[in-house]
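# Structure assessment
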Amino acid sequence: MTANSSVVPLAYQAWTTPAVPDWLNKGDNAWQMISATLVGLQSVPGLVILYGSIVKKKWAVNSAFMALYAFAAVVICWVTWAYKMSFGYKLLPFWGKAGPALGQNFLIKQAALPQTTHHFHNNTVETPEAMPFYPMASMVWFQCVFAAITLILLAGSVLGRMNIKAWMAFVPLWLTFSYTVGAFSLWGGGFLFHWGVMDYSGGYVIHLSSGIAGFTTAYWVGPRSTRDRERFPPNNVLLMLAGAGLLWMGWAGFNGGDPYTANIDSSMAVLNTNICAATSLLVWTCLDVIFFKKPSVIGAVQGMITGLVCITPGAGLVQGWAAIVMGILSGSVPWFTMMIVHKRSPILQKIDDTLGVFHTHAVAGLLGGMLTGLFAEPELCALFLPVTNSRGGVYGGSGGIQVLKQLAGGAFIIGWNLVVTSIICVVINFVIPLRMSEEQLLIGDDAVHGEEAYALWGDGETYDSTRHGYSDDNNRNNTSTGATQVV
């Protein structure tokens, strides 16, 4: 019995084949690829479905395609130059050196983030370089789907009027000059990473940046048509819920994969994610019932999203009770900014943020970052963060300074995205109009793509002869080239 217990089962031995080196942990590699796939499913088909169904019928195809295009474009840009700008060797304190991640020698070696070695002030090593037990190919793909979903979230601010050709140019430019900066600064070994700013899984890198950049882009593109702003009913609420469900369940990979291993902190992150999302959804729904007398399905989805966003920067760093507190605040603070502040603010009223990405991602992301600085538990921090003895404000010690670090990190992401996104929009507008033509705005998908989502008339509306006109059997053979033309 003793002799047998010392024998490692064949399935766990290294070098059983050339494809199983001694540094490979099959469990970690499997979880990392599953996590990447879950995050990818959040975008395709998750947000493709959600965007295509939450908008007015005439914009269903365009909205879904903006998400699909962004995903494909990011994949190619990522492996060609952007991965190493985010996780490679340092060019500047906030930016890595560009380079391809395509060669066999690079992709099959053990994953490593070369700038993540953290030193004490006397230059001795405090935390060694991050070297997960799987190949670089798994790391490159995992980080790629995070970059892709960031662009897709940003698109939610400009649905229903941004020129698709301008969007095609915007995606690689924003990925290169904005996303890579946030990713390297906070995750890849940049100055915010080493300073100790906490962003467990993208509250700042993904959500705050997409919310601010989306809001900025919406300013430069301009608002939807007056008719669309006045009436913009979703064309399929049930399908919207299907997309939202994929988004929620996919968040297990979003937050659970960021320890880069299938460990106890990963489990904590997944549980906290669901606790906060459920709490936030319920709080948002209760507020809708209290103030508007009806529970809104779209409101429930917004509450779900704000909960998922809020917990993201601290998913594996806070305790379960803190996840509930964060859920209460993420279901109420963004609700207040969207339902109350937005309607009273001339600036927010002027800028047409189609899906309210500013509230659901920028506000919720910054809120989550600040609450992480407050509630981060020291023992959980030690499982994940490079800076030892990190803690949130409620735990005393250096916790008070942590809140200030979180505020400064958020300010950097906000400032960078405001400036860089504006420059990108202005440059693109010199070559390609950012906004669709008036004819395209009037007709929608048929004018932009020559395709429509459904072989039906109406924009998700109940038939009303006083608005839609009269149609009889004699008119069934009449040809129409656009949904709104039938109306």
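The rules behind each value
Residues numbered from 1 in each chain as written. Predicted model: local features only at pLDDT ≥ 70, side-chain atom pairs only at ≥ 80, totals over all residues. Heavy atoms only, no water. Helix = DSSP H or I, 4+ residues; strand = E, 2+ residues; numbered from the N terminus. Rg over C-alpha atoms; globule rule 2.2 N^0.38 Å. Buried < 20%, exposed > 50% of the residue type's maximum accessible area, 1.4 Å probe, protein only. Contact = heavy atoms within 4.5 Å. Areas by Shrake-Rupley, 256 points an atom, 1.4 Å probe, with all protein chains shown as cover. Lys, Arg positive; Asp, Glu negative; His and termini not counted. Salt bridge = Lys/Arg side-chain N within 4 Å of Asp/Glu carboxyl O. Polar contact = N/O pair within 3.5 Å; in protein donor to acceptor, adjacent residues only side chain to side chain. Core = buried A, V, L, I, M, F, W, Y, C linked by side-chain atoms within 4.5 Å. Phe/Tyr/Trp six-rings, centres within 6.5 Å; stacked < 30°, edge-to-face > 60°. Lys NZ or Arg CZ within 6 Å of the ring centre and 35° of its normal. Expected span 1.5 Å × (residues − 1). Bend = angle between axes of the 7 residues up to and from the residue. Axes fitted to C-alpha atoms, helices over the stretch in contact; angles between N-to-C directions. Parallel < 35°, antiparallel > 145°, perpendicular 65-115°, else oblique. Left-handed = near helix turned anticlockwise from the far one by under 90°. Nonpolar A, V, L, I, M, F, W, Y, C, P; charged D, E, K, R; others polar. Patch = residues over 30% accessible without salt bridge, like charges linked within 9 Å, V, L, I, M, F, W, Y side chains within 5 Å. Disulfide = S-S within 2.5 Å.

### Some words on the overall build of the protein chain
- Secondary structure summary: the protein chain contains 21 helices and four strands in total.
- Computed over C-alpha atoms, the radius of gyration of the protein chain comes to 24 Å, within 12% of the 23 Å expected from 2.2 N^0.38 for 487 residues, which places it in the range of a compact globule.
- C-alpha atoms of the protein chain, sized along the principal axes, occupy 85 × 55 × 50 Å.
- Taken across its 487 residues, the protein chain has 55% of its residues classed as buried.
- Sequence separation of 24 or more characterises 78% of the internal contacts of the protein chain that already satisfy a separation of 6 or more.
- Of the roughly 20,600 Å² that the protein chain leaves accessible, carbon and sulfur atoms contribute 66%.

### Section: the side chain of Asp265
- Relative to the helices and strands, Asp265 resides in helix α11 (residues 264-292).
- Of the side chains with opposite charge, Arg391 lies nearest to the buried Asp265, which makes no salt bridge, at 16 Å.
- Reaching out from Asp265, the side chain makes a polar contact with the side chain of Tyr200 at a distance of 3.1 Å.
- Not counting residues up to four positions away in its chain, the partners in contact with Asp265 are Tyr200, Pro259, Gly316, Leu380, Leu383 and Phe384.

### Here we look at the nonpolar core
- Of all hydrophobic cores here, the largest spans 100 residues; its most connected members are Tyr51, Trp78, Tyr83, Trp167, Phe170 and Tyr179.
- Looking at this core, the element that brings in the most residues is helix α5 (residues 136-155), giving 15 residues.
- When near neighbours in sequence (up to four residues on either side) are disregarded, Tyr83 contacts Trp78, Gly88, Ala101, Phe106, Leu113, Met136, Met139, Val140 and Gln143.
- Counting 18 residues, the second largest nonpolar core, distinct from the first, contains Ile311, Leu317, Val318 and Ala323.

### Observations regarding the pattern of salt bridges
- A complete count under the given rule lists five salt bridges for this structure.
- Salt-bridge contacts for Lys56 lead to Asp228; the nearest nitrogen and oxygen are separated by 3.0 Å. Of the two residues, Lys56 sits in the loop between α2 (26-54) and α3 (60-87) while Asp228 sits in helix α9 (residues 226-230), which places them 172 residues apart along the sequence.
- A relative accessible area of 4% places Lys56 in the buried class.
- Its salt-bridge partner being Asp352, residue Arg224 comes within 2.8 Å of it at the nearest N-O pair. Residue Arg224 is located in the loop between α8 (203-221) and α9, and its partner Asp352 is located in the loop between α14 (346-350) and α15 (357-375); the two are separated by 128 residues in the primary sequence.

### Observations concerning the environment of Val283
- As for its position among the elements, Val283 is in helix α11.
- The exposure class assigned to Val283 is buried, which follows from its relative accessible area of 19%.
- Separated by 164 residues in sequence, Val283 and Ala447 have C-alpha atoms that sit 41 Å apart.
- With residues up to four places along the chain from it excluded, the contact list for Val283 reads Gly327, Ile328, Gly331 and Ser332.

### Description of the packing of aromatic side chains
- As enumerated under the stated definition, the model contains 23 aromatic pairs in all.
- In this structure an aromatic cluster arises from ring pairing among Phe94, Trp95, Phe177, Phe191, Phe412 and Trp416.
- Note that Lys84 overlies the ring of Phe106, its terminal NZ or CZ placed 4.5 Å from the centroid.
- Positioned over the ring face of Phe232 is Arg224, at 4.5 Å from the centre of the ring.

### Remarks on helix α13 (residues 320-344)
- Across its 25 residues, α13 extends 35 Å between first and last C-alpha, which sits within 8% of the 36 Å expected from 1.5 Å per residue.
- Its axis deflected by about 30 degrees at Thr337, α13 carries its strongest bend there.
- Buried within α13 we find Ala322, Ala323, Met326, Gly327, Ser330, Gly331, Pro334, Trp335, Thr337, Met338, Met339 and His342.
- Along its buried surface, α13 packs onto α11, α12 (297-311), α14 and α15.

### Focus on the packing of helix α6 (residues 164-186) against helix α17 (residues 399-431)
- It is at 10 Å that the axes of α6 and α17 come closest, and there the two elements cross at 160 degrees. Considering their axes alone, α6 and α17 lie roughly antiparallel with respect to each other. Where α6 crosses over α17, the two elements pack in a sense that is right-handed. The segment α6 lies against α17, with Ala166, Ala169, Phe170, Leu173, Trp174, Phe177, Ser178, Val181, Gly182, Ser185 and Leu186 engaging Phe412, Ile413, Trp416, Asn417, Val420, Thr421, Ile424, Cys425 and Ile428.
- Its residues assigned to classes, the contact of α6 with α17 comprises 15 nonpolar, five polar and no charged.

### Focus: the packing of helix α10 (residues 237-256) against α12
- As a packed pair, α10 and α12 sit with axes 11 Å apart at the nearest point and diverge in direction by 10 degrees. Compared by their axis directions, α10 and α12 come out roughly parallel. Here α10 contributes Val237, Met240, Leu241, Ala244, Leu247, Trp248, Trp251 and Asn255 to the contact with α12, which in turn contributes Val297, Ile298, Val301, Met304, Ile305, Leu308, Val309 and Ile311.
- Here the residues of the contact of α10 with α12 sort into 15 nonpolar, one polar and no charged.

### Structural notes on a nonpolar patch on the surface
- Residues Tyr219, Trp220, Val426, Phe430 and Val431 make up a contiguous nonpolar surface patch of roughly 560 Å² in combined accessible area.
- For the nonpolar patch, the elements supplying multiple residues, two or more each, are α8 and α17.
- Top contributing element to the nonpolar patch by residue count: α17, with three residues.
- Its location among the elements puts Val431 in helix α17.

### Topic: the side chain of Gln42
- Residue placement: Gln42 occurs in helix α2.
- Judged by its relative accessible area of 0%, Gln42 is buried.
- Of the polar contacts made by the side chain of Gln42, one reaches the backbone oxygen of Leu247; its length is 2.8 Å.
- In this structure Gln42 touches Leu47, Ile149, Leu246, Leu247, Gly250, Trp251 and Phe254, once residues within four positions along its chain are discounted.

### Things to note about the state of the cysteines
- If you walk through the whole model with that rule in mind, you get zero disulfides.
- As a non-bridged cysteine, Cys77 has Cys144 as the owner of its nearest cysteine sulfur, 9.5 Å distant.
- Judged by relative accessible area, Cys77 falls into the buried class, the value being 8%.
- Here Cys425 is not disulfide-linked; the sulfur of Cys77 is the nearest cysteine sulfur, at 17 Å.
- Residue classification places Cys425 among the buried positions, given a relative accessible area of 0%.

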